[in-house]
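What follows is each chain in one-letter form.
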Amino acid sequence: MSRLSSGGLIDRARPLSFRFDGKGYQGYEGDTLASALLANDVRLVGRSFKYHRPRGIFSAGPEEPNALVELREGARREPNTRATLVELFDGLAASSQNRWPSLALDALSVNGLLSPFLGAGFYYKTFMWPAHFWEKLYEPVIRRAAGLGRAAPEEDPDHYEKANAFCDVLVIGAGPAGLMAALAAGRAGARVILAEEDFRVGGRLNAEPGEIDGAPAGEFVAATLAELCSLDNVRIMTRTTVFGVYDGGAYGAVERVSDHLATPAPFQPRQVLWRIQATRAVLCAGATERPIVFGGNDRPGVMLAGAAATYVHRYAALPGKRLAVFANNDAAWRDALAMKAAGANVEAIIDIRPDIAAPLAREAERQGVRTILGGQVVATHSGLLPGATLSGLTVAANGRTERLAADTLAVSGGWSPNVHLTCHHGGKPTWRADIAAFVPGSTPPGLTVAGAAKGSFALADILREGAEEGATAAADLGLATTILALPPVADERYAITPFWHVAGSKGPAFVDQQNDVTAKDIGIAHKEGFRSVEHLKRYTTLGMATDQGRTSNVTGLAIMAELTGAGIGETGTTIFRPPYTPVALGAFAGHHRGQDFRPTRLTPTHDWAASLGAVFIETGPWLRAQYFPRDGETDWLETVNREVKAVRASVGLIDVSTFGKIDLQGPDAGAFLDRVYINTFSTLAIGKARYGVMLREDGMVMDDGTTARLGESHYVMTTTTANAGKVFQHLEFCLQVLWPELDVTLTSVSEQWAQIALAGPRSREVLARIVDAGTDVSNDGLPFMGAIAGAVMGGVPARLFRLSFSGELGFEIAVPARHGEALAKALMAAGETFGITPYGIEALGVLRIEKGHVSGNELTGQTTAADLGLGRMASTKKDHIGRVMAARPGIADPERPSLVGFRPVDRTQRLRAGAHFLTPGKAAEVGNDEGYMTSVAYSPHLGHWIGLGLLKDGPERIGYRVRAYDPVRGNDFEVEVCAPGFIDPKGERLRG
Amino acid sequence: MADHSHHDPLAGIPVTLLPPDGHYGAQVEPGLRATRLVPAALASLAARRGREVELAEAAERAFGVRLIDAPRVSSAGGLSFIGTAPGRWMVLSDAASDLVIRLDAAFGRLAAITEQTDSALLYALSGPEVREVLAKGLALDLHPSVFAAGSAATTVFAHIGVTLWQAPEASDYRLLVARSYEAAFLRALIAAAAPCGFHLDGRG
Amino acid sequence: MRIPCPYCGARDAHEFAYLGDATVTRPDPSAADAPAAFHDYVYLRDNPAGVHQELWYHANGCRRWVTVTRDTRTHAISSAVFTRSGS
């Protein structure tokens, strides 16, 4: 065990049990999985991606490249989870990844021998020959070998939420800068959200010893937190990562509500995706340490110096028993000496610099830590057993080499400000040579930066900047601010000499540990001409792993800069994009999963149809009855045939409430309709309805429907179900933008009315039984295409239309929606003696195809009125939307495919929509394509399949045959061209 | 399928069913209460072009209500006028329905009046967590400093169109949702409110 | 992105439907050059990198057409007014 007996932000009164690779261990509340593993002397935690090299814990935060575990088991199993971020909970189970049969003895470590062949860019040079080996051999083998963890095999049992939040000031990060910013803005009365990724606030103050205002830093954190919690206008969100900066002050964040629990509490979400709208934001995201690259730098036991210090100070866990430190900057010395003071056995500090600040040298001597200045680590060593961890290192200094024993090597190449969010709007960071780091360049509007994220590493500066930015943000919003008193802290220098890579070190020197990219790979990229930082990334895959190159990006581009001779600033970084850390897809879905993916709309008669056993189908967001199977019917076609025959023989009913219905009122209503329809409505008599066709301005048909005139200045329009919203938007455009001088208002009444179509030779008799006295539905009272107001079922107001899509005598009855179900039942009762049959949209489709009526399949947005045989409807006496463009020679061309009907020559053949037409004898090539079949149906009246389609010169070819070519489904046979109307072509049944 | 009823408040309720009255979610005093109200009548009112000022005057005369051409609600004598668009209001009446006739009589040629009683359902939302729950579906800031009593908004909740307001004399929120979307709306509301406990009533 | 609807106030762009350039005017359909003018009206658009006046329809709000002035490079919106007549 490597746990210090005291200290740390862990609760020794709350021990927790956990398992790793099947073995049981104990940790404490406040531990992460990584800290608990180190405290239990578990230092081998995974195998690397390509070469399967043994790897240990490298960091203490989200930048972790190696310690990726499969967390939990079963349906909640999560691959590639960073052990450094997992809050330990009782019963936690985790496994290492990417190894077989075991972590210590991994068969695929043989890949290491293949490393000369698996270098940068090998993907582009290998597995190409022979070509047919790819599908059968290479891909399956690569798939099995690739990847790290395994996704869970079952549906995620947890649920997620999405939520919106609004604030004046969003403070990102609750370290010293963020706490001060939140305090300044909060005291000024701003609505503040303080978001912190960690489960505790405090940032680096949790990871380092040190005093603020003469007391341990932890007391300052606790006192600040207490005051922030007392302010109503401040909301603190821990376990919350702000992952993206979007337009207009919108920020994306994910709150890990239950990740730290074995299972979420009842009805609590696992995670919440937040959309935060903030007028101002202050980024206090801190900085991430980077290593120095040298041969053998990936052995388990080599880790970042700041991380080692974090494990000692925050978790009271010793990373090892004999520590050495390798650095190029002063901060690493402070980390080393703090660890020593806390009880770690720090034996040596190796620094590449020949001179060091006197206070640091004195402190090292006082603590008995050996120092090697001007030294470099040129090799590491481990035991001979497979999976062995660090046992020693070789140091070169002043012309001599020396071997040191150590089981932990804490490395620091300096600190890189976490600039990522400042770049989400395309801003580029700038290089500061004095701290050898990139700092924010331009920032998204409304966002400022404070503290280490800005390149300020001294605590006094960090506290001051946080307070200033928080106050400025509040002041910009017009709030009165008071100057925060800054607590006194010790002075800290940050001196650094840039150093990236120990040239001439022995063994592979890893830059990106997660993707196994070495310094040599960068050399290969340079040699092969992939020198820009964007090419470097993609050719070597450096920075493309789940850690997004947090500990490797800067080092990698610095090594490339040395090779090209360009400056680091000139070389630049790749583009940072959201999300800053991975976000579970479930969080983006929230409630909208499965059946709730999008809202379902139900018709007023849904329950009635369901009670009759209807099968439903999605039509956009609606559920509509597709057909009503009866006992004994074996398939849908049998049901639909019955429904179709019943309508033409007697009577049937169908819910048509889903149509868009638009109420137009005003003296210019008729004139307005004239401008949007191709035909004329201003001359329509009161009490009559008319079929109308509406074009887009480019001349293509947009929609069709019937519009009825209910009064002098009152019309009601219907649209197709699918286009209801689009048509309403178009009409509002015409009225508000094109012709605002017209005196007419548009109101959607789609939801107000339930509407049922009643069709068949007995339909009038049925209808007559439910209308109230005074509502005359005789041929005189309600002639063909009539529209009247009346009452049904004893006082229910109704609108009655004599319309027919089916071609039979037919009516549509509209009642206020709450009466829809009662209307359906009343019609069923009234029609019982006629065998009234409910029918669905399948039968509706057959009926309209039998009559040659166009529907969605023909209104594709690429057909004109002329194409559909409706050209003569267009009035030449008035302008309407689309008129001018419909006359374009290209689309007014009579040779365009136009609407005709089709019958199979062999009457037993089934027709298919989508089959293309060819003149018999012509080759089946695109150049000979003459149109296609748009709609098909089995007609029970004719006893064979029928179709509608668009055919070049269609009307001239009636009586001739064409080839219906359908290679996708393997059909190829001849069809007869006929008029697009198969039943009662003169329409006599309509007008009775 | 595993039993998720301990965390899925909609377990066993298909999308085609209006969720029944009752308690949903966490077994605590509900953070949100939703009650379906039955307004006697609803109508939409759209000022005819250029007649907005006359309409406001007529509203004052006929109903004693100050008609505000903004997303606000003003009420008098059992009638509420909720601004939904420039020159357009949704009118609620809690008296017996001759609303369209009354509005016609008052506004005649000044406005288009359209019956809407069956087009939408009216809910009253209250409880200590009402804003927290609504925030899960509304991208609208309901903080009292920006959405005070008398404010109204036509917007979307979980992709479903709603009109929402806070009456001047009430502390609860009122909301209209289209009839065909009611089940989907309640499902989204239940999912959002389950963590803090939710009580639904008024549907019988 | 938030659009400041003149009636409803600042709302998320998802509440709106986008149409495009607000500076094009429907030509006179009876003019002699109507075919060419309509062709340009329907199909030709400038694509500026910078300030752009464009039409948005507040579909999930007040259902009014709004002319928005937006910088296409930054999405910064400088104004939003009800679309004026005569376009």
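Model, not experiment: these values are computed from the prediction.

Quick notes on the rules
- Residues numbered from 1 in each chain as written.
- Chains lettered and ligands numbered in written order.
- Predicted model: local features only at pLDDT ≥ 70, side-chain atom pairs only at ≥ 80, totals over all residues.
- Helix = DSSP H or I, 4+ residues; strand = E, 2+ residues; numbered from the N terminus.
- Rg over C-alpha atoms; globule rule 2.2 N^0.38 Å.
- Contact = placed C-beta atoms within 7 Å.
- Pairing = 2+ DSSP bridges.
- Nonpolar A, V, L, I, M, F, W, Y, C, P; charged D, E, K, R; others polar.
- Axes fitted to C-alpha atoms, helices over the stretch in contact; angles between N-to-C directions.
- Core = buried A, V, L, I, M, F, W, Y, C linked by C-beta atoms within 7 Å.
- Buried ≥ 20, exposed ≤ 12 C-beta atoms within 10 Å, placed from the backbone.
- Domains from an automatic or database assignment.
- Arc of directions from axis to C-beta.

K.L.:
Lay out the overall build of chain A with the relevant residues and their values.
P.N.:
Counting secondary structure elements, chain A contains 23 helices and 50 strands. In terms of overall size, chain A is more extended than a compact globule, its C-alpha atoms giving a radius of gyration of 38 Å where 992 residues would be expected to give roughly 30 Å. Look at the contacts in chain A between residues 6 or more apart in sequence, and 67% of them connect residues 24 or more apart.

K.L.:
Please set out the sheet that holds strand 33 (residues 622–627) of chain A residue by residue, giving values where relevant.
P.N.:
All names here are of chain A. One open sheet holds the three strands; their spatial order is 31-33-32, and the pairing between them is mixed. Each end of this open sheet is capped by a strand with a single partner; those strands are strand 31 (601–602) and strand 32 (615–619). Here strand 31 runs beside strand 33; their pairing, made up of two bridges, is parallel. Among the inter-strand pairings, Arg-601 is bridged to a residue of strand 33, identified as Trp-622.

K.L.:
Outline the interface of chain B and chain A, supporting the account with residue identities and numerical values.
P.N.:
If you look at the interface, chain B gives 42 residues, while chain A gives 38 residues. Looking at the side of chain B that touches chain A, the elements that each hand over two or more residues are strand 3 (41–47), strand 7 (111–115) and helix 4 (182–193) of chain B. For the side of chain B that touches chain A, the leading source of residues is helix 4 of chain B, giving five residues. For the side of chain B that touches chain A, the class distribution of residues is 20 nonpolar, 13 polar and nine charged.

K.L.:
Outline the sheet that holds strand 22 (residues 390–397) of chain A, listing residues and values.
P.N.:
All names here are of chain A. Pairing is antiparallel in the open sheet, where three strands are placed in the order 21-22-23. Of all the strands in the sheet, just strand 21 (375–382) and strand 23 (400–405) have a single pairing partner and so form its edges. In this sheet, neighbouring strand axes are inclined to one another by 25° on average, regardless of whether the strands run parallel or antiparallel. With six bridges connecting them, strand 22 and strand 23 associate as antiparallel partners.

K.L.:
Mind laying out the nonpolar core, listing which residues take part and the relevant values?
P.N.:
In terms of nonpolar packing, the biggest core is built from 375 residues, with Val-169 and Val-325 of chain A touching the most fellow members. In terms of residue count, helix 4 of chain B provides more of this core than any other element does, ten residues in total. For Val-325 of chain A, the contacting residues outside a window of four places in its chain are Ala-305, Ala-332, Ala-336, Val-346, Ile-349, Ile-350 and Ala-410 of chain A.

K.L.:
Tell me about the pairing of strand 4 (residues 51–57) of chain C, and please be specific about residues and values.
P.N.:
All names here are of chain C. As paired strands, strand 3 (residues 17–21) and strand 4 are joined by four bridges and run antiparallel to one another. Across the sheet, residue Ala-17 finds its bridge partner in strand 4, namely Tyr-57. When strand 4 meets strand 5 (residues 65–71), the two strands line up antiparallel, connected through seven bridges. Note that in strand 5 the partner of Val-51 across the bridge is Asp-71.

K.L.:
Describe the interface of chain B and chain C, with residues and values.
P.N.:
Size of an interface, as often reported, equals the accessible area lost when the parts are brought together. In this assembly, ten residues from chain B lie in contact with ten residues from chain C. Top contributing element to the side of chain B that touches chain C by residue count: strand 9 (residues 152–157) of chain B, with four residues. For the side of chain B that touches chain C, the residue count by class is six nonpolar, four polar and no charged.

K.L.:
Any chance you could break down the domain arrangement of chain A for me, citing the residues and the numbers?
P.N.:
Each assigned domain of chain A is listed with its residue range as follows: domain 1 (11–107), domain 2 (161–286 + 417–476), domain 3 (598–627 + 651–659 + 751–835) and domain 4 (660–749). Here the C-alpha centre of domain 3 of chain A lies 65 Å away from the C-alpha centre of domain 1 of chain A.

K.L.:
Go over helix 10 (residues 519–527) of chain A with me, naming the residues and quoting the values.
P.N.:
Residue and element names in this part refer to chain A. Within helix 10, the full set of buried residues consists of Ala-519, Asp-521, Ile-522 and Ala-525. Buried residues of helix 10, seen end-on, are gathered within an arc of 155° and therefore sit on one face of the element. Within two residues after helix 10, Gly-529 carries a phi angle of roughly 95°, on the positive side.

K.L.:
Quick rundown of the pairing of strand 24 (residues 408–412) of chain A? Include the residues and the values.
P.N.:
Residue and element names in this part refer to chain A. Counting buried residues along strand 24, five of its five residues qualify, which places the element largely inside the surrounding structure. Residues Thr-408, Ala-410 and Ser-412 point to one face of strand 24 and Leu-409 and Val-411 to the other, with burial holding for every one of them. Alignment of strand 17 (residues 302–304) against strand 24, held across three bridges, turns out to be parallel. Looking across to strand 24, one finds that Val-302 is bridged to Leu-409.

K.L.:
Describe the domain arrangement of chain B, with residues and values.
P.N.:
Residue and element names in this part refer to chain B. Parsing chain B into structural domains produces domain 1 (22–37 + 119–201) and domain 2 (41–115). Between domain 1 and domain 2, the C-alpha centre-to-centre distance is 25 Å. Every contact between the two is made by eleven residues of domain 1 and, on the other side, nine residues of domain 2. Elements supplying a minimum of two residues to the side of domain 1 that touches domain 2: strand 9 and strand 10 (160–166). Looking at which element gives the most residues to the side of domain 1 that touches domain 2, the answer is strand 9, with three residues. In terms of residue class, the side of domain 1 that touches domain 2 is built from six nonpolar, five polar and no charged.

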